[in-house]
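# What the coordinates show
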Amino acid sequence: QVQLVESGGGLVQAGGSLRLSCAASGRTFSSYAMGWFRQAPGKEREIVAAIRWASSTYYGDFVKGRFTISRDNAKNTVYLQMNSLKPEDTAVYYCAAADMPRYVSYTYYYDHRNYDYWGQGTQVTVSS
């Protein structure tokens, strides 16, 4: 069982930055793939970024180099650094953990149904 707690959301002006953190419980954190998803009102949940190992990162098409996902296995924490924020980035951001098979297609990371554990979400609001 893994428990996830997000923090770092808030209100920021367009062009600003936020850093989201997700603290995970459990001793096997390093073995999980971690993802950040977001969901805006009336829209489906979509991938923001995912990370397996340090060199295995995946991003949603809309990110376009603005966000960076990273993880610190010693602290059981995954981060999402968001720069150049836009009003359309406004959403609830969720942290998720997946006990994935070792070898999967990159598309596996993009499907929220492949994730086993979810945090409660943190609101990000970007004003214009």
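Look above for the structure.
A brief report on the enclosed structure follows. (Residues numbered from 1 in each chain as written. Predicted model: local features only at pLDDT ≥ 70, side-chain atom pairs only at ≥ 80, totals over all residues. Heavy atoms only, no water.)

### Observations concerning the state of the cysteines
The following threshold applies: Note on disulfides: each one is a pair of cysteine sulfur atoms within 2.5 Å. Under the DSSP-based scheme used, a helix requires at least four consecutive residues in state H or I and a strand at least two consecutive residues in state E, with every element numbered from the N terminus. The buried label goes to any residue with under 20% of its type's maximum accessible area, the exposed label to any with over 50%, and the partly exposed label to all in between, with areas taken from a 1.4 Å probe on protein chains only.
Under the defined criterion, the tally for this structure stands at 1 disulfide. Here Cys-22 is linked by a disulfide to Cys-95, with a sulfur-sulfur distance of 2.1 Å. The chirality of the disulfide connecting Cys-22 with Cys-95 is left-handed, given an S-S dihedral of about -80°. Of the two residues, Cys-22 is situated in strand E3 (residues 18–24) and Cys-95 in strand E9 (residues 91–98); the sequence distance between them amounts to 73 residues. Cys-95 carries the same exposure label as Cys-22, and that label is buried.

### Let's talk about the packing of aromatic side chains
Pairs of aromatic rings are described using the distance from one ring centre to the other and the angle between the two planes. Selection criterion: Only Phe, Tyr and Trp rings take part, Trp by its six-membered ring, and two of them pair if their centres are within 6.5 Å. Stacked means planes under 30 degrees apart, edge-to-face means over 60, and tilted covers everything else.
Counted according to the given criterion, the structure contains 8 aromatic pairs. Ring geometry for Phe-37 versus Tyr-115: centroids 5.0 Å apart, planes at 80°, classification edge-to-face. With Phe-37 in strand E4 (residues 33–39) and Tyr-115 in the loop between E9 and strand E10 (117–118), this residue pair connects regions lying 78 residues apart in the sequence. When the ring of Phe-37 is compared with that of Trp-118, the centres are 5.2 Å apart and the planes differ by 55°; the resulting orientation is tilted. Within this pair, whereas Phe-37 is found in strand E4, its partner Trp-118 is found in strand E10, the two being separated by 81 residues in sequence. Judged by its relative accessible area of 27%, Trp-118 is partly exposed. Ring-pair connections join several aromatic residues into one group, and the members of that group are Phe-37, Tyr-94, Tyr-115 and Trp-118.

### A look at the side chain of Asn-114
This is how the line gets drawn: We call two residues in contact whenever any of their non-hydrogen atoms come within 4.5 Å of each other.
One can find Asn-114 in the loop between E9 and E10. Those residues in contact with Asn-114 that sit more than four places away from it in its chain are Ala-98 and Tyr-108.

### So, unusual backbone geometry
A positive phi is found at Lys-64, a non-glycine position, where the angle reads about 50°. You can call Lys-64 exposed: its relative accessible area is 69%. The backbone of Ser-84 sits at a positive phi, close to 50°, despite the residue not being glycine. Residue placement: Ser-84 occurs in the loop between strand E8 (77–82) and E9. The partly exposed category is assigned to Ser-84, whose relative accessible area is 39%.

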